[in-house]
Each structure stands twice: as structure tokens, then as C-alpha cells.
Amino acid sequence: MQPFKKIKSIATPLDKVNVDTDQIVPKQFLKLIQRTGFGQYLFYDWRYEQGGIPRKDFVLNDPAYQNSRILLARDNFGCGSSREHAVWALDDYGFRVIISTSFADIFYNNCFKNGILPIRVPDDVLEKLFSIKSEIEVDLETQSIKADGISISFQIEPHWKKILLEGLDDIAMTLLHEGQIAKYERSHKDLI
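Along each chain, residues carry numbers from 1 onward, in the same order as the chain's sequence is written. Only residues with pLDDT of at least 70 get local features here, since the model is predicted, and only at 80 or more are side-chain atom pairs given and counted; chain-wide, interface and lining totals rely on the full set of residues. Computation of side-chain values: all heavy atoms of the structure, hydrogens and water removed.

Peer 1: Lay out unusual backbone geometry in plain terms, naming residues and giving numbers.
Peer 2: Even without being glycine, Asn76 reaches a positive phi, approximately 60°. Structurally, the position occupied by Asn76 is in the loop between strand S3 (70-73) and helix H3 (85-93). Although it is not a glycine, Gln143 adopts a positive phi angle of roughly 55°. Judged by relative accessible area, Gln143 falls into the buried class, the value being 16%. The secondary structure listing takes helices from DSSP runs of H or I that are at least 4 residues long and strands from runs of E that are at least 2 residues long, numbered from the N terminus. Each residue is placed in one exposure class: buried if its accessible area under a 1.4 Å probe, protein chains only, is under 20% of its type's maximum, exposed if it is over 50%, and partly exposed if it falls in between.

Peer 1: Help me get a handle on H3, residues and values and all.
Peer 2: Looking at H3, one finds that the buried residues are His85, Ala86, Val87, Trp88, Ala89 and Leu90. Taken together, the buried residues of H3 touch helix H1 (21-24), S3, strand S4 (97-100) and helix H4 (105-113). Positive phi shows up at Gly94, right after H3, with a value of about 125°. Two residues qualify as a contact provided that any one of their heavy atoms is within 4.5 Å of a heavy atom in the partner residue.

Peer 1: I'd like a rundown of the sheet that holds strand S8 (residues 150-153), residues and numbers included.
Peer 2: At least two DSSP bridges between two strands are needed for those strands to be called paired. The sheet built from 4 strands is open, its strands ordered S1-S6-S7-S8 with antiparallel pairing. Every interior strand has two partners, whereas the edge strands, strand S1 (6-9) and S8, have only one. Looking at each pair of strands side by side, their axes are set apart by 15° on average, direction ignored. As judged from the 4 bridges shared by strand S7 (residues 144-147) and S8, these two strands associate in the antiparallel manner. Among the inter-strand pairings, Ala147 is bridged to a residue of S8, identified as Ile150. What counts as an axis is a line fitted to C-alpha atoms, over the stretch in contact for a helix, and the angles between N-to-C directions run from 0 to 180 degrees.

Peer 1: Which residues make up the packing of H3 against H4, and what values go with them?
Peer 2: Relative orientation of the contacting elements H3 and H4 amounts to 45°, with a least axis distance of 9 Å. With respect to H4, the axis of H3 lies oblique. You can see that H3 and H4 cross each other, and the crossing is right-handed. Contacts between H3 and H4 involve Ala86, Val87 and Leu90 from the former and Phe107, Asn110 and Cys111 from the latter. Looking at the contact of H3 with H4 residue by residue, the classes come out as 5 nonpolar, 1 polar and no charged. Orientation labels follow simple angle bins: below 35 degrees gives roughly parallel, above 145 gives roughly antiparallel, 65 to 115 gives roughly perpendicular, and whatever is left gives oblique. It is the rotation of the near helix from the far one that decides the hand of a crossing: anticlockwise by less than a right angle makes it left-handed, clockwise makes it right-handed. Here the term charged refers only to Asp, Glu, Lys and Arg, the term nonpolar to Ala, Val, Leu, Ile, Met, Phe, Trp, Tyr, Cys and Pro, and the term polar to all other amino acids, Gly among them.

Below is the structure:
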């Protein structure tokens, strides 16, 4: 995973509540066996008409948000099934930050495990962010969101902050204890 420090980007405003993982990446696209390639299917049913024709009225098809790395979403983002593919699709598309008032628990944890920073903010803060048309800066080290002269702090558990700042996935976290694991294996080799 890439270490996360600071992201500065225009934010894509997805003005929908209860966005479930089947909308984030529909089930028919879950055949890929690697984590990449899912970005093209992100919000597929909302992004495209029948036959793959882009819908002009969907925010991801608006050229103003072409290279956005920050997604703004309404309540209960990532609900539904626990498929990790939803987070893979968001990451593969280019999003590194999702700001919402609430997330489904499994989706929230999957974000951290895959290098995406999910930020919970109160309703009034989200409304301010939805109204901002300039770039937004998200700084994980200082736990702040800055835009249009305002600065908003956000909370994050120290464990998740460390994982993102250092770019540690589950395997890298295990390898931090490689010496202890090897020592244990040596001391118990007679039991194997």
C-alpha cells in the first residue's frame, strides 16, 4: 500500500444516501481475481445507460471531477454486503479519501486495509464541503480538512492512522513481527 500523508483535490459530490456496495460495484463485475481493474465498473449502473453509454447527469461523468481523489457522500455509505471489491473499485478509480456522515462498519474497516481514508464528519460540516467548488486538502498527519479558508479537524483511531501513514496492509503488519514469529517457530520446531 502507498503511504498516505496529504491529498489535495477537487471533491466529487455524490449526493446520495444509503449507497450500497452493489451500487459501488455491481455483482456482475466481481469475476476479476486481482484488486485492479474494478475502477471502470465503479457506480456502473448510475454512470452508464444500456450499452455502456455515459449518462450526462451522473457526477463521475462530469469533466470537472475527472481527476478527483476525494469523494463526498451522504449517510450510510458502503452499506449492504461486505464485498471488499467495492473499496477496490473506489481505489482503482483514483479515490483516496471518502468523506461522509456515516459508513457501514465492514466497509469502513475495508477502506483502511486498502489505503483509503474514510472520514466521518457531522452533517453541517458535510454541507459546507458539498458547497465548496475549489480544491480540498486532507492532511492525515494533522487530522485536518482545509478549504476556502476553513479548517476542520477529524478523528481517527491511532491504529488506523499508523496503518495509512506507513502504508501497511495486513501482510506488512504481520511482517513487522517477523523476528518474533521466527523465534517462536524455532522454539516450537519439535512440535511440528
